[in-house]
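Below, each chain spelled out in residue letters.
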Amino acid sequence: MSDKKIPTTQHAALIREFGEPEVMIYQDGVAIPELTDNQVLIKIAYAGINPVDYKTRQGKGWGAEAIQKDKFDKNEPAILGCDVAGIVVKSTSDEFAVGEQVAALTFDGGGYAEYVAVDANLLAKVPESVTLQQAGALPCIGQTALQFVEFADIKKDEHVVINAPAGGVGHLAIQLLMDKVTQDDVKVTVICSPEKYDKLGGLIDKNKLAGWIDYTKDDAFPDLQADVLLDLVGDEAGVRALNVIKSGGRVNVLPTIWVDKLKAAGSQKSLKVAGYKAQRSGEDMARVLQLVADGKLTLQIQQTYPLSEVVAAHRELEKGNTFGKIVLKAS
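Let me begin by describing the structure that accompanies this report. Since we're looking at a predicted model, the values are computed, not measured.

1. A short note on the overall build of the protein
Link 1 in the chain: Helix and strand counts for the protein stand at 10 helices and 16 strands.
Link 2 in the chain: Its C-alpha radius of gyration of 20 Å places the protein within 12% of the 20 Å reference for a compact globule of 331 residues.
Link 3 in the chain: Taking the principal axes of the C-alpha coordinates as reference, the protein spans close to 65 × 40 × 35 Å.
Link 4 in the chain: Per-residue burial for the protein yields a buried fraction of 51% across its 331 residues.
Link 5 in the chain: When the accessible surface of the protein is summed, it comes to about 14800 Å², and 47% of that surface belongs to carbon and sulfur atoms.
Link 6 in the chain: Of note, the protein has its 36 positive side-chain charges centred 2 Å away from the centre of its 45 negative side-chain charges.

The structure is reproduced here in structure tokens:
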């Protein structure tokens, strides 16, 4: 696409304040971003939505702090969205050419739009066997799941407990963990509702699980003397799950805001609690896309909304009962 064919304005969902989903206003006439060195302009096909998006929209966390400083304090609107996949329409990078299909995780926002500028080092080319819808759903959850499981440094014969194994990050992390069951004799127990446990059967061989804890029951969680807890929920749910871990065990939590709470709650057990935040990486983006292309990871997409219905998409995600991922179709 030549510069002459790239429009000067686009449709996008803007926020001018923090608050409920309705603060996102879908409108046209929004300027298309200018490229700086080693960036590409992507015509977005699909953009994933993540819990970090609605927490940022509510005014919470590092994302909201950045928007307040970089946008709102300058009386400028912001565009949410860190998962993008689409087609390169302009490039200042030698690595990516116009017409190539690419995907990226960008913490600079801009995904809830028709066009976005992304640093080339965050991009990966989308394999032919992966759809742009899949690629748009994958960046945040895929890179997070891959990095989080590697960060946990799970050893041979260890017992790992994971909560929320059917959410966005969780439904990929549980598949990566099951590979360790086969390769390293790791034991895996899941914490989830009966409904989510049933759905896991479409992703993994549940017969290979060491166990299942139904958190909807009032019973105290069993003391499994497990080595590692992968906590994808935090807060009171994370505190409740500490019962499964042995003294001196390891707890890895997403998001990092719950580290102090879990440390305090598990102080008598001398637990090693560590938080993790995903690192943006074009290399890891490529690795995850290839795992999907090779059939080694199954990506679950629950629902796709047009970008104009971003408010409804956020409402659905905030219910907290999604299986897999919700994505926006940009054009």
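Alright, that's what it looks like, and here's the rest.
2. Here we look at the sheet that holds strand β10 (residues 187-192)
Link 1 in the chain: Ordered by their spatial adjacency, six strands build an open sheet running β11-β10-β9-β12-β13-β14, and the pairing between neighbours is parallel. The outermost strands of the open sheet, each flanked by one partner alone, are β11 (211-214) and β14 (272-275). Adjacent strand axes in the sheet meet at a mean angle of 20°, parallel and antiparallel pairs treated alike.
Link 2 in the chain: One ladder, built from four bridges, connects strand β13 (residues 245-253) with β14; its direction is parallel. Opposite Arg 250, over in β14, you have Lys 272 as the bridge partner.
Link 3 in the chain: Packed on one face of the sheet, helix α4 (residues 139-152) meets β12 (226-231), β13 and β14 and runs near 155° to β13.
Link 4 in the chain: Across the sheet, helix α5 (residues 170-184) lies against β9 (159-163), β10 and β12, angled at about 155° from β10, the strand it touches most.

3. A few points about the pattern of salt bridges
Link 1 in the chain: The tally for this structure, following the rule as stated, stands at 16 salt bridges.
Link 2 in the chain: The partner of Lys 155 in a salt bridge is Asp 153, and the shortest N-O contact between them spans 2.7 Å.
Link 3 in the chain: For Lys 155, a relative accessible area of 42% gives the class partly exposed.
Link 4 in the chain: Given a relative accessible area of 44%, Asp 153 falls into the partly exposed group.

4. What to know about the packing of aromatic side chains
Link 1 in the chain: Considering all chains together, one arrives at five aromatic pairs under this definition.
Link 2 in the chain: With centroids separated by 4.7 Å and ring planes inclined at 40°, the aromatic side chains of Phe 151 and Tyr 276 adopt a geometry described as tilted. With Phe 151 in helix α4 and Tyr 276 in the loop between β14 and α9 (282-293), the pair connects residues that are 125 residues apart, well separated along the chain.
Link 3 in the chain: We classify Tyr 276 as buried; its relative accessible area is 13%.
Link 4 in the chain: Geometrically, the ring pair formed by Tyr 197 and Trp 212 is stacked, given 4.1 Å between the ring centres and 5° between the ring planes. With Tyr 197 in helix α6 (residues 194-200) and Trp 212 in strand β11, this residue pair connects regions lying 15 residues apart in the sequence.
Link 5 in the chain: Overall, the relative accessible area of 34% leaves Trp 212 in the partly exposed class.
Link 6 in the chain: Ring-pair connections join several aromatic residues into one group, and the members of that group are Phe 148, Phe 151 and Tyr 276.
Link 7 in the chain: Taking NZ or CZ as reference, Lys 277 lies 4.2 Å from the ring centre of Trp 62, over its face.

Rules and cut-offs
- Residues numbered from 1 in each chain as written.
- Predicted model: local features only at pLDDT ≥ 70, side-chain atom pairs only at ≥ 80, totals over all residues.
- Heavy atoms only, no water.
- Helix = DSSP H or I, 4+ residues; strand = E, 2+ residues; numbered from the N terminus.
- Rg over C-alpha atoms; globule rule 2.2 N^0.38 Å.
- Buried < 20%, exposed > 50% of the residue type's maximum accessible area, 1.4 Å probe, protein only.
- Areas by Shrake-Rupley, 256 points an atom, 1.4 Å probe, with all protein chains shown as cover.
- Lys, Arg positive; Asp, Glu negative; His and termini not counted.
- Charge placed at Lys NZ, Arg CZ, Asp CG, Glu CD.
- Pairing = 2+ DSSP bridges.
- Axes fitted to C-alpha atoms, helices over the stretch in contact; angles between N-to-C directions.
- Contact = heavy atoms within 4.5 Å.
- Salt bridge = Lys/Arg side-chain N within 4 Å of Asp/Glu carboxyl O.
- Phe/Tyr/Trp six-rings, centres within 6.5 Å; stacked < 30°, edge-to-face > 60°.
- Lys NZ or Arg CZ within 6 Å of the ring centre and 35° of its normal.

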